[in-house]
Amino acid sequence: RSCGCQIVDISVDGCHSLFAAQAAIFAKLDGEKTVTTVNADIDYLTSARAQDMKARVQFTRIGRRLAFVEATGWQKEEIAPVATARFRMRLSDANDRV
């Protein structure tokens, strides 16, 4: 599968950014697979304000069973990121057992 970038809106807390990354990969796969987080590594670069954030999500590799996702979040300008994150997600068919 080809990889690419997608911009998604996320809220300030890290839990919602993880949900946004899961939603982005689920949409990229057209709902064909279920998505389960294997690990999440978030680096907070500066303090975030209580306001909306934007994130650029990049799918670095999408395989048959795993997807690797990187994200950068910012508030005012993309050149001033608030956080970066790396996610590894397990992809499985609905009838697969975990």
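Preceding this paragraph is the structure being described.
A brief look at the structure comes next. Just so you know, these numbers come straight off a predicted model, no measurement behind them.

### As for the overall build of the protein
Part 1 of the reasoning: When you go through the protein residue by residue, the secondary structure sums to one helix and five strands.
Part 2 of the reasoning: Mapped from its N terminus to its C terminus, the protein presents α and β elements in the order β-α-β-β-β-β.
Part 3 of the reasoning: Considering the protein as a whole, with its 98 residues, one finds that 31% of them fall into the buried category.
Part 4 of the reasoning: By sequence separation, contacts in the protein at least 24 residues apart represent 62% of the contacts at least 6 residues apart.

### Some remarks on the pairing of strand β5 (residues 81–92)
Part 1 of the reasoning: Inspection of the sheet shows strand β2 (residues 34–44) paired to β5 by 10 bridges, in the antiparallel sense. Note on β5: the bridge partner recorded for V35 is L91.
Part 2 of the reasoning: Across nine bridges, the pairing between strand β4 (residues 66–74) and β5 is antiparallel. Its bridge partner being in β5, F68 is matched across the sheet by R88.
Part 3 of the reasoning: With antiparallel pairing between neighbouring strands as the criterion, β4 and β5 make up a hairpin whose turn holds six residues.

### Here's the deal with the nonpolar core
Part 1 of the reasoning: If you look at the biggest cluster of nonpolar residues, it comprises 15 residues, and the most contacted ones within it are I25, V57, F59, I62, F87, M89 and L91.
Part 2 of the reasoning: For this core, the secondary structure elements donating two or more residues are α1 (14–28), β3 (53–62), β4 and β5.
Part 3 of the reasoning: Top element by residues in this core is β5. It accounts for four residues.

### A few points about the pattern of salt bridges
Part 1 of the reasoning: For the structure shown, the criterion picks out four salt bridges.
Part 2 of the reasoning: Measuring nitrogen to oxygen at the nearest pair gives 3.4 Å for the salt bridge that ties D93 to K33. In this pair, D93 is assigned in the segment after β5 and K33 in the loop between α1 and β2, connecting sequence segments 60 residues apart.
Part 3 of the reasoning: Since its relative accessible area comes to 14%, K33 is described here as buried.
Part 4 of the reasoning: The partner of R56 in a salt bridge is E78, and the shortest N-O contact between them spans 2.7 Å. Residue R56 is found in strand β3, and its partner E78 is found in the loop between β4 and β5; the two are separated by 22 residues along the sequence.
Part 5 of the reasoning: Residue E78 is classed as partly exposed on the basis of its relative accessible area of 38%.
Part 6 of the reasoning: One network of salt bridges, in which partners are shared, links D41, D43 and R86.

### Let's talk about the environment of Q22
Part 1 of the reasoning: Mapping Q22 onto the fold places it in helix α1.
Part 2 of the reasoning: Q22 has contacts with V35, T36, T37 and M89, leaving out every residue within four places of it along the chain.

Cut-offs and rules
- Residues numbered from 1 in each chain as written.
- Predicted model: local features only at pLDDT ≥ 70, side-chain atom pairs only at ≥ 80, totals over all residues.
- Heavy atoms only, no water.
- Helix = DSSP H or I, 4+ residues; strand = E, 2+ residues; numbered from the N terminus.
- Buried < 20%, exposed > 50% of the residue type's maximum accessible area, 1.4 Å probe, protein only.
- Contact = heavy atoms within 4.5 Å.
- Pairing = 2+ DSSP bridges.
- Core = buried A, V, L, I, M, F, W, Y, C linked by side-chain atoms within 4.5 Å.
- Salt bridge = Lys/Arg side-chain N within 4 Å of Asp/Glu carboxyl O.

Keep in mind that these numbers describe shape and distance, not what the molecule does.
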